[in-house]
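# Architecture and fold: a report
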Amino acid sequence: MRRVLVSLCAVVAVVTTGCADSGDADGGRAPQDPRPRPRALTWQQELRVADAQQRLIKQCMNRQGFTYWEDRGLTLQESRPVRFVQDDVAWARTHGYGGRIEAKSLRVHERNPNGTYRQGLSATRRAAFDTALDGGDDAKTLRAPLPVGGEVRKRLGGCTEEAERTLYGDPAVWFRTSKTVSGLNALYGEELMKDRRLTSAIRAWARCMKQAGQPYEDPGAAREAVRVRTSRLGAARADEAFAAERRTAVADATCARGTSLRAVATARETHYQDRLRDRFGKDIDTYRNLGRQAHDRAVRIVPERD
């Protein structure tokens, strides 16, 4: 169960939903901040921002005299993130857990034309390509402290920096706040793992799955079983493996919906995150505001994927 809830903590991603339920594990309620909070982006909006960044990089690289291909190998629905709690039955019926999408994405990245193009350049032009893309050796280093201590760093320059600046305004602030927000779950993970409401919802999901002929203790165990089975059957029985993947995924999503597992997990993580707002509320709001600013700019740069 500890592995299950660590995964929930990492991928339910309440910090990106804007949902809230401030009741604590014993039924009490934490004080409410009356000020409206900025809502974070949906995954569709995040994808559009990423696509806009690719478009801006391409335009910048073209101005520098280089060819650059945008990374848009998947459709909108194929790009949907499969979180630990997946309750979209229709999507599961078509895509299972996204095993074939993952394989397609891997093929797309393996055939990335930018890498092939870069390798075909002379040494001098290759160095110029790298400098144009990300600043090369002259790129600045951004630093972001993590909530649990330590820091992460990123080199940024060239067309990548130009694209981020166009979308976010200040790439350094965006980098710092994004790393802060993504690292918050490490501060409340232990408590979330023991939360009565969440563990109860996981048990209800497991009972539902057992009744459906899928005896798994949590969504992570179900997906791991699918992965092992797919690997064991191999390419010769890929269709059989995918059919089994879809059956398990549909049962998983159906039980998640029937037990309100996503709503419970989201509410409980929001509760624990809200208790950190006195320390990190400004960073959370800045992160969300910058994301919304980037999306507002992205809609003027690229259309949503089909």
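Residues numbered from 1 in each chain as written. Predicted model: local features only at pLDDT ≥ 70, side-chain atom pairs only at ≥ 80, totals over all residues. Heavy atoms only, no water.

The next subject is the pairing of strand S1 (residues 140-145). Relative to strand S2 (residues 151-156), S1 runs antiparallel, the two sharing six bridges. What sits directly across from Arg143, in S2, is Arg153. In sequence, S1 turns back onto S2 through a hairpin of five residues, with Gly149 there showing a positive phi of about 110°. (Pairing = 2+ DSSP bridges. Helix = DSSP H or I, 4+ residues; strand = E, 2+ residues; numbered from the N terminus.)

One pass over the structure, following the stated rule, counts two disulfides. Across a sulfur-sulfur distance of 2.1 Å, Cys60 and Cys159 are joined as a disulfide pair. Residues Cys60 and Cys159 share a disulfide whose torsion about the S-S bond is about -75°; that sign makes it left-handed. One end of the pair, Cys60, is in helix H2 (residues 43-63); the other, Cys159, is in helix H7 (residues 158-168), and 99 residues separate them in sequence. Here Cys159 falls in the buried class, since its relative accessible area comes to 1%. Here Cys208 engages in a disulfide with Cys255; their sulfurs sit 2.1 Å apart. Torsion about the S-S bond of the Cys208 and Cys255 cystine: about -80°, corresponding to left-handed handedness. Remark: Cys255 occurs in helix H12 (residues 238-258) and Cys208 occurs in helix H10 (residues 196-211); sequence separation between them is 47 residues. (Disulfide = S-S within 2.5 Å. Buried < 20%, exposed > 50% of the residue type's maximum accessible area, 1.4 Å probe, protein only.)

Looking now at the pattern of salt bridges. This structure, assessed with the given rule, holds 22 salt bridges. With a shortest N-O distance of 2.7 Å, Arg118 and Asp130 are connected by a salt bridge. Of this pair, Arg118 sits in helix H5 (residues 113-119) while Asp130 is found in helix H6 (residues 123-134), placing the two residues 12 residues apart along the sequence. What makes Arg118 partly exposed here is its relative accessible area of 24%. In this structure Asp130 comes out as partly exposed when scored by relative accessible area, which is 22%. Two residues, Lys154 and Glu164, come together in a salt bridge whose shortest N-O distance is 3.0 Å. (Salt bridge = Lys/Arg side-chain N within 4 Å of Asp/Glu carboxyl O.)

Here the focus is the packing of H10 against helix H13 (residues 261-274). The N-to-C vectors of H10 and H13 enclose an angle of 165°; their axes lie 9 Å apart at closest approach. The orientation of H10 with respect to H13, classified from their angle, is roughly antiparallel. As H10 packs across H13, the resulting crossing turns out to be left-handed. In this structure, H10 uses Arg197, Leu198, Ala201, Ile202 and Trp205 to contact H13, whose residues at the interface are Leu261, Val264, Ala265 and Arg268. Looking at the contact of H10 with H13 residue by residue, the class counts come to seven nonpolar, no polar and two charged. (Axes fitted to C-alpha atoms, helices over the stretch in contact; angles between N-to-C directions. Parallel < 35°, antiparallel > 145°, perpendicular 65-115°, else oblique. Left-handed = near helix turned anticlockwise from the far one by under 90°. Contact = heavy atoms within 4.5 Å. Nonpolar A, V, L, I, M, F, W, Y, C, P; charged D, E, K, R; others polar.)

Two measures describe an aromatic ring pair: the distance that separates the ring centres and the angle between the ring planes. Tallying each qualifying case throughout the model produces six aromatic pairs. Here the aromatic rings of Tyr168 and Trp174 are separated by 4.1 Å at their centres, their planes lie at 10°, and the arrangement is stacked. Residue classification places Tyr168 among the buried residues on the basis of a relative accessible area of 8%. Judged by its relative accessible area of 16%, Trp174 is buried. Ring geometry for Tyr188 against Tyr272: centres 6.5 Å apart, planes inclined by 15°, an arrangement best described as stacked. With Tyr188 in helix H9 (residues 185-193) and Tyr272 in helix H13, this residue pair connects regions lying 84 residues apart in the sequence. For the pair Tyr188 and Tyr272, one class covers both residues: buried. (Phe/Tyr/Trp six-rings, centres within 6.5 Å; stacked < 30°, edge-to-face > 60°.)

Looking now at unusual backbone geometry. Glycine aside, residues mostly have negative phi, and peptide bonds are mostly found in the trans state. In this structure, Ser260 is a non-glycine residue whose phi angle is positive, near 55°. Relative to the helices and strands, Ser260 resides in the loop between H12 and H13. Judged by its relative accessible area of 38%, Ser260 falls in the partly exposed class.

Taking a probe equal in size to a water molecule and rolling it over the atoms shows the remaining empty space. As a volume, the largest pocket reaches approximately 750 Å³. Lining the largest pocket are 30 residues; nearest its centre among them are Gly98, Gly99, Arg100, Glu102 and Ala103. Residue assignment for the lining of the largest pocket shows that the elements contributing at least two residues are helix H4 (99-110), helix H11 (219-233) and H12. Ranked by residue count, the leading element in the lining of the largest pocket is H4, at nine residues. Of the residues contributing to the lining of the largest pocket, the split by class is 12 nonpolar, eight polar and 10 charged. (1 Å grid on protein atoms, 1.4 Å probe; cavity = no way out; pocket = protein on both sides within 12 Å on 5 of 7 lines; lining within 4 Å. Points joined across faces, edges and corners; volume = space filled by probe spheres on them.)

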